[in-house]
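# Reading the structure
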Amino acid sequence: QVQLVESGGGLVQAGGSLRLSCGASGSIFRINAMGWYRQAPGKQRELVATITSGGNTNYADSVKGRFAITRGNAKNTVYLQMNSLKPEDTAVYYCNAHIWTTVAGPQDMDYWGKGTLVTVSP
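Quick look at the structure, then. (Residues numbered from 1 in each chain as written. Predicted model: local features only at pLDDT ≥ 70, side-chain atom pairs only at ≥ 80, totals over all residues. Heavy atoms only, no water.)

## Here's the deal with the packing of aromatic side chains
In this structure the tally under the stated criterion is 1 aromatic pair. Taking 5.0 Å as the distance between ring centres and 65° as the angle between the ring planes, the aromatic pair formed by Tyr 37 and Trp 112 counts as edge-to-face. Of this pair, Tyr 37 sits in strand E4 (residues 28–39) while Trp 112 is found in strand E10 (residues 105–112), placing the two residues 75 residues apart along the sequence. We classify Trp 112 as partly exposed; its relative accessible area is 34%. Arg 19 extends its terminal NZ or CZ atom over the ring of Tyr 79, reaching a point 4.0 Å from the ring centre. (Phe/Tyr/Trp six-rings, centres within 6.5 Å; stacked < 30°, edge-to-face > 60°. Helix = DSSP H or I, 4+ residues; strand = E, 2+ residues; numbered from the N terminus. Buried < 20%, exposed > 50% of the residue type's maximum accessible area, 1.4 Å probe, protein only. Lys NZ or Arg CZ within 6 Å of the ring centre and 35° of its normal.)

## Brief notes about the state of the cysteines
Per the stated rule, a full pass over the model turns up 1 disulfide. The disulfide partner of Cys 22 is Cys 95, and the gap between their sulfur atoms is 2.0 Å. Disulfide Cys 22 to Cys 95: torsion about the S-S bond roughly -85°, handedness left-handed. Linking Cys 22 in strand E3 (residues 18–26) with Cys 95 in strand E9 (residues 91–101), this pair joins segments that are 73 residues apart in sequence. (Disulfide = S-S within 2.5 Å.)

## Some remarks on unusual backbone geometry
Even without glycine at this site, Ser 84 takes up a positive phi of about 50°. On the accessibility criterion, Ser 84 (41% relative accessible area) is partly exposed.

Next up, the structure:
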């Protein structure tokens, strides 16, 4: 019913910047929250940043002061501006959304994108 598509990943040197984008489409009634998670080899998927429909944000301690999450004006898009990147930021980054669909009604449905790879070289 809903698809999330990420873009913006790539290879960057330490200290550089990248901006990730995620767009949601499909049978969407409203998006209550969107966020970014990441997973590195041998590690569990971890929260990077989230933002609610009201604009409240939450960041992992490891990215505070370096990353910024924002919602697009159309409300179906989320961005992650990543500055001062470190090699330990290397991971597959996944877009996540809590969505009320037009089919299921007012219940949170958890959707995930397929991920975009971010590689930070020393």
